[in-house]
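# A look at the structure
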Amino acid sequence: MSSFSYRNGITSKGVGVKFDNNSSKSSSSSFKSKVQSTGSGIRRSSTGSVGGGGGGGSTKDDSAVSGRVRVAVRLRPRNAEEMVADADFADCVELQPEVKRLKIRKNNWDSDTYEFDELLTEFASQKRVYEVVAKPVVESVLDGYNGTIMAYGQTGTGKTYTLGRLGEEDTAGRGIMVRALEDILAEISPETDAVSVSYFQLYMETIQDLLDPANDNISIMEDPRNGDVSLPGVNLVDIRDQNSFVELLRIGEAHRFAANTKLNTESSRSHAILMVHVKRSVKGKNSSLSSESTGKTLKAPIVRKSKLVIVDLAGSERVEKSGSEGHTFEEAKSINLSLSALGKCINALAENSAHVPVRDSKLTRLLRDSFGGTARTSLIITIGPSPRHRGETASTIMFGQRAMKVENMLKIKEEFDYKSLSRKLDVQLDKLIAEHERQQKAFQDEVERITLEAQKRVAEAERNYADALEKEKLKYQKDYADSIKKLEEQWAAKQEKHGHRKVKVGQADDGIDQKSNSELSTSGEVAEIKKTLQNETLLRKAAEAEVNNLRNQLIQWKKAEAARNAEISNLHKLVEDEAHQKATLEEEIAILRSQLLQISFEADQTRRNLDIGRNGELSGSLDSLIPQVKHQQPKDSGDGEKGSMVKLFEQVGLHKILSLLESEDADIRIHAVKVVANLAAEESNQEKIVEAGGLTSLLTLLRSSNDETIHRVAAGAIANLAMNEINQELIMSQGGISLLSLTAANAEDPQTLRMVAGAIANLCGNDKLQVKLRAEGGIRALLGMVRCRHPDVLAQVARGIANFAKCESRAISTQGTKAGKSLLIEDGTLPWIVQNANNEASPIRRHIELALCHLAQAEANAKDMINGGALWELVRISRDCSREDIRTLAYRTLKSSPSFQAELKRLRIDYG
């Protein structure tokens, strides 16, 4: 059953209908094919608007792509009042979704027919509405375009239900706002991208911040260059996760004006507008800027800034029908005036009028980019079936018809991320300064060492020279003193000898002889003294020669020092050459990294296109690898997918991709594991990945990496590989369960836990691995992940328990194994199973019901199941389960179990 609720509390239920989503997927693919062509030059381009256009801004000048406003019609079911009052009358509208036509009856025999882009009947689910109306716009916002999603219609027809429902009671009831942010947050990278939101209302021509109600008189600012509209006074909140966004919506909804009228017990009295600002880095794409000072080329990152505007218009109403009076009457007048101004602008645009009255209302000023501007716009008009409101319904339909004639010119806004480039340059400059200082210090230390060594050698040489000179001086002085003493002794001896001779000869003769002998003795002494002086001179010359020799040695040492300085200069040149080579290698690494990012981006884009649908044309950034598949039949799309993966293998090489999983760069590892995960989603690639060692690499990443994104994507890839029985045994043999259990224990992100739980659930379906899986903590890991409380995680946990219980039951029935107590019960899963046996989420409930039926097959489990309350759930399943096969299995189990029969008999419950 599908449930459709509105703000007035009325709920209408209808029979569940399965829809084909090909139309929405093909529209998304068609839009993508129109906006794929983008140039590379950066120049100023004008930004279009409702009012015409303004100046320019620094944007990427792509050739503008025409995009008509898409209009969808949603019909709500009759409410309780209409079922009574209009019981005898047919609906005033008839929807023909197959041909996308709508008929509105004038009377019993005449009707008008209109065509729209999409028709959504009263049985259409919220998910269907999102995929048809909003998802193409969200995808274009992620690609860099502005987007608008707007709901228009009579009060009480389900506009707020369609856009702003939070879905806290039932996740299937989530509105477009919640689902759009969920998709945006899933696609962006927290490290490089940013998402921020503002939420405000237009009440009686006054703009009020719904996140700060005291801020209730916000002015609209327009950029004189390009006409862009902004609200500088509105709070802009950064969004990191889905829960914080839902909390902001809850706060804003509580502050929105509403009133009770005859048409709607909780009628919105203001236009609510949610603005989502997305800033994304363009991966693998930089702009080269020349630097005259360094002579090098700097690469400035490019960012895309886009904006998603979701508008929940207040409902149009006729005062005589709504019963508005007093202040409520004034509110109705303001609402109708602003909606009338919007209708005039759309009429002028539809008729290509020269003047568009965009300044008649603040609402039209805020939406000037949505109609006739640069945004991709989807309009959903909501109508009711009651013939009493045929006039309002016809007016709403005509509004949608005119809106379909409005053409927008879609443009991407790209800018240089100068702040990021500045941060990178600052880091690079700091590194270069530190390296220069280190080299300069090393050079100074080397020069100082050589100088000290030279000074030491010179001082030693001077000291040696002084010592040698002093020794020579002392030696010469001693020789000189000895020579004088010797001469004096000789003189004294000669004097004495001459005295004796004078006595013998006589006094006269002695005088003559003494004179002649004295002359002879004196001339001999003079000759001897001359000889001694010559020896002294020779010794002094020898000493001077030795001093000159020492001076020559000093000169040689100085020359050696100069040679060492030259060698140091050469070393500096070598260091500079090595730095240049390092810079060259870094540029090559950057090129390889950009190639890897491009491959990852292309693989992600391909997988997203394949997930969106197989009926349209595959477009995206892998156009160079995937042949054109426009207008192919669904049976041919499978061959296109396989062909794209074969192309990826041929051009890149699986071994090269797997080698990047071991890169030291975290970004490279993240993008490489994403590529492997995309490839692992194809069954034909799984065997190649395992043979090339991809499974071992993924398990190694789980063991060694602390990055949450790597854990999530690697666990998803392992989950895909674990669908094969041979791969399951390989995962178990390499300790995969222990690694998955450890990852589950440390993870907090619901998506990571969902991937890990999915991998363990696939392993639980192998009969041969049950004992080992339980011994390595697989069951306890599943049970531990229920702390997350996320429905997707709980669904995977329930599936794993159901698979495990089914294998135990099959072992009893097919192999004749003696039925002992279930390992699931021994590990304490029974209380959680009983607690969630009647869970509101159908996937969780279906798996739990199957698990209970299989556990009940073993008589050894009966006592624990009776004590734990499982018997009552089995009785409920056998009576109320929506699936006949599960209901029959529960009935047969209760009938065949003696313990269950005895307990039912004891409780006097007739179960015949």
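Residues numbered from 1 in each chain as written. Predicted model: local features only at pLDDT ≥ 70, side-chain atom pairs only at ≥ 80, totals over all residues. Heavy atoms only, no water.

As annotated in an unreviewed UniProt entry, the protein is Kinesin-like protein from Forsythia ovata. According to the UniProt record, the Subunit (unreviewed entry) comment for the protein is "Interacts (via C-terminus) with NEK5." In UniProt, the protein has this text filed under Subcellular location (unreviewed entry): "Cytoplasm, Cytoskeleton". (UniProt positions renumbered as here; feature names shortened; annotations may be inferred.)

## Considerations on the overall build of the protein
Along the backbone of the protein there are 31 helices and 23 strands. Across the 912 residues that make up the protein, the buried fraction comes to 45%. A separation of at least 24 residues holds for 70% of the contacts in the protein among residues at least 6 apart in sequence. Total accessible area on the protein is roughly 46600 Å²; 50% of this is exposed by carbon and sulfur atoms. (Helix = DSSP H or I, 4+ residues; strand = E, 2+ residues; numbered from the N terminus. Buried < 20%, exposed > 50% of the residue type's maximum accessible area, 1.4 Å probe, protein only. Contact = heavy atoms within 4.5 Å. Areas by Shrake-Rupley, 256 points an atom, 1.4 Å probe, with all protein chains shown as cover.)

## Digging into helix α18 (residues 708-721)
Taking 1.5 Å per residue, 14 residues should reach 20 Å; α18 reaches 20 Å between its end C-alpha atoms and fits that length. For α18, the buried fraction is high: twelve of the 14 residues fall into the buried class. Residues of α18 that are buried: T709, I710, H711, V713, A714, A715, G716, A717, I718, A719, N720 and L721. Its side-chain oxygen 2.9 Å from the backbone nitrogen of T709, D707 forms the N-cap of α18. (Expected span 1.5 Å × (residues − 1). Polar contact = N/O pair within 3.5 Å; in protein donor to acceptor, adjacent residues only side chain to side chain.)

## Remarks on the pairing of strand β13 (residues 206-209)
Two strands pair when backbone bridges link them, and strand β12 (residues 194-203) and β13 are joined in this way by four bridges, in the antiparallel orientation. Each bridged residue has a counterpart across the sheet, and for Y203 the counterpart in β13 is T206. Between β12 and β13, which pair antiparallel in sequence order, lie two residues; one of them, M204, sits at a positive phi of approximately 50 degrees. (Pairing = 2+ DSSP bridges.)

## Digging into the confidence of the model for the protein
This prediction gives the protein a mean pLDDT of 78; 78% of its residues lie at or above 70. In the model, residues 1-63 has pLDDT below 50 throughout and makes 161 contacts with residues more than four positions away in sequence or in other chains. Predicted confidence is poor over residues 613-642, with pLDDT under 50, and the contacts of this stretch with residues over four places away or in other chains come to 43 contacts. (pLDDT = per-residue confidence, 0-100.)

## Thoughts on the sheet that holds strand β8 (residues 101-105)
Strand pairing in a sheet is mediated by backbone hydrogen bonds. Such pairs are either parallel or antiparallel. Pairing is antiparallel in the open sheet, where three strands are placed in the order β7-β8-β9. Each edge of the open sheet is held by one strand with a lone partner, namely β7 (93-96) and β9 (111-115). For this sheet the average axis-to-axis angle between neighbouring strands, irrespective of direction, equals 20 degrees. Here β7 pairs with β8 via four bridges, running antiparallel. Counted as the bridge partner of L95 is L102 from β8. Helix-sheet contacts for helix α10 (residues 390-403) involve β7, β8 and β9, and the interaxial angle to β8 is about 150 degrees. (Axes fitted to C-alpha atoms, helices over the stretch in contact; angles between N-to-C directions.)

## What to know about the nonpolar core
In this structure, I760, M785, V797, W832, L852 and M865 are the most contacted members of the largest nonpolar core, which totals 87 residues. The element best represented in this core is helix α24 (residues 791-814), accounting for nine residues. Setting aside residues no more than four positions away along its own chain, W832 makes contact with L783, V786, L794, V797, A798, I801 and I848. Residues V73, I104, L231 and I397 belong to the second largest nonpolar core, which totals 48 residues. (Core = buried A, V, L, I, M, F, W, Y, C linked by side-chain atoms within 4.5 Å.)

## As for the side chain of T364
Here T364 shows up in helix α9 (residues 362-366). Separated by 2.5 Å, the side chain of T364 and the backbone oxygen of V358 make a polar contact. Residue contacts for T364: discarding those within four places in its chain leaves A341, L342, C345, P357, V358 and R359.

## Quick word on the packing of aromatic side chains
Within this structure, the stated rule accounts for one aromatic pair. Between Y152 and F399 the ring centres are 3.8 Å apart and the planes differ by 10 degrees, which places this aromatic pair in the stacked class. Here F399 lies in helix α10 and Y152 lies in strand β11 (residues 147-153), a separation of 247 residues in the sequence. The class of Y152 is buried, set by a relative accessible area of 8%. For F399, a relative accessible area of 2% corresponds to the buried category. (Phe/Tyr/Trp six-rings, centres within 6.5 Å; stacked < 30°, edge-to-face > 60°.)

## What about unusual backbone geometry?
The phi dihedral of K100 is positive, around 55 degrees, even though this residue is not glycine. Among the secondary structure elements, K100 is positioned in the loop between β7 and β8. For K100, a relative accessible area of 30% translates into the label partly exposed.

## Some thoughts on helix α15 (residues 666-680)
Under the 1.5 Å per step criterion, the end-to-end length of α15 is 21 Å for 15 residues, consistent within 8% with the ideal 21 Å. The buried count for α15 comes to twelve of 15 residues, which makes it a mostly enclosed element. Considered for burial, the residues of α15 that qualify are I668, R669, I670, H671, A672, V673, V675, V676, A677, N678, L679 and A680.

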